[in-house]
Amino acid sequence: MCFGRRARCIGYKLLILALLSIVANILLYFPNGETRFASEHHLSKYVECLHGIVGGGFMVLIPAAVFIGLHNDDCCGCFGRGNCGKSCTMLSSVLAAFIGILGSGYCIIISALGLSHGPYCLTHLGRKWVYPFTSGGYLFEYNKWSQCQEPYNIVQWNVTLFSILLVLGGIEFILCFIQVINGILGGLCGLCCSHEEVSCLPYNHDSQMNTEHCCY
């Protein structure tokens, strides 16, 4: 079993998810493709938190790059062979995974708050820019969505993109947590293998058999 190979697989998945998060957050800035609402600061305060760009994006790209950079030769695994002493690489990947957990957690929290608080829009009552929805109950009360006059269909726009970011952040969080476990197991198994190799070295008459035994 190669823990490094699994980490690289997680890294590629995180790379795709991070790029999707960045795109989704950018789309939040331009409802219906219009730029004037962003320039006039007529967007939800949670859109400007950059949770998809910074949290689910760049902070997840860091561990993704680290995991992808792990070479197959650096992975021991309890069932690997030969190169069994390189546990530091796997243990260091745990630190990168924690960065991803922080970033994805930030993305999840802000996305949930954005959904709960609702959009910032121009209402037909008083013609003011306000937050017309004070709780997440509006998500199931479609008849109230028409209160927002501008941006057009802003409720649907926000709900869709915040929901996407919430799901992406959740998947990123799970993958980074899996890598924490994978990195710890890979590092500990590497240390175990390296100690076993040292104990096997004096037996030169059957070194190949001993080395294979250490790596299993």
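Refer to the structure presented above.
A. Spotlight on the overall build of the protein chain. Looking only at helices and strands, the protein chain features six helices and three strands. Put simply, the protein chain runs from its N terminus to its C terminus through helices and strands in the order α-α-α-α-β-β-β-α-α. When burial is assessed residue by residue, the protein chain has 43% of its 216 residues classed as buried. Excluding contacts between residues fewer than 6 apart, the proportion of contacts in the protein chain whose partners are at least 24 apart in sequence is 76%.

B. Representation of the pattern of salt bridges in the model. Applying the stated criterion to the full structure yields three salt bridges. Residues Arg 36 and Glu 34 are paired through a salt bridge, measuring 3.2 Å at the closest nitrogen-oxygen approach. On the basis of relative accessibility, which here comes to 35%, the residue Arg 36 falls in the partly exposed class. The exposure class of Glu 34 is partly exposed, given its relative accessible area of 29%.

C. Here's a closer look at the sheet that holds strand S3 (residues 148-150). A sheet is described by the order of its strands in space; here three strands give the open sequence S2-S1-S3, paired in antiparallel fashion. Single-partner strands in this sheet number two, and they are strand S2 (129-130) and S3.

D. Spatial organisation of helix H3 (residues 51-68). In H3, a bend of some 30° at Leu 61 exceeds every other bend along the element, and Pro 63, a proline, comes one to four places later. For H3, the full list of buried residues reads His 51, Gly 52, Ile 53, Gly 55, Gly 56, Gly 57, Val 60, Pro 63, Ala 64 and Phe 67.

E. A look at the state of the cysteines. The final tally for this structure, using the stated rule, is one disulfide. Covalently, Cys 121 is tied to Cys 148 through a disulfide, its sulfur atoms 2.0 Å apart. One quick way to see it: the torsion about the S-S bond of Cys 121 and Cys 148 is about -55°, and its sign makes the bridge left-handed. In this pair, Cys 121 sits in strand S1 (residues 121-123) while Cys 148 sits in strand S3, placing the two residues 27 residues apart along the sequence. The pair Cys 121 / Cys 148 is uniform in exposure class, with both members buried.

F. Examining the environment of Phe 173 more closely. If you trace the backbone, Phe 173 turns up in helix H5 (residues 154-200). Along the sequence, Phe 173 and Val 60 sit 113 residues apart, while their C-alpha atoms lie 9.3 Å from each other. Once you skip the residues sitting within four places of it in the chain, Phe 173 turns out to touch Ile 101, Ser 104, Gly 105 and Ile 108.

G. A look at the environment of Trp 157. Residue position: Trp 157 is located in helix H5. Take Trp 157: its relative accessible area is 23%, and that puts it in the partly exposed class.

H. Structural detail: the environment of Ile 178. Note on placement: Ile 178 falls in helix H5. Judged by relative accessible area, which is 38%, Ile 178 ranks as partly exposed. Residues Ile 178 and Val 94, spaced 84 residues apart in sequence, show a C-alpha to C-alpha distance of 9.8 Å.

Conventions adopted
Residues numbered from 1 in each chain as written. Predicted model: local features only at pLDDT ≥ 70, side-chain atom pairs only at ≥ 80, totals over all residues. Heavy atoms only, no water. Helix = DSSP H or I, 4+ residues; strand = E, 2+ residues; numbered from the N terminus. Buried < 20%, exposed > 50% of the residue type's maximum accessible area, 1.4 Å probe, protein only. Contact = heavy atoms within 4.5 Å. Salt bridge = Lys/Arg side-chain N within 4 Å of Asp/Glu carboxyl O. Pairing = 2+ DSSP bridges. Bend = angle between axes of the 7 residues up to and from the residue. Disulfide = S-S within 2.5 Å.

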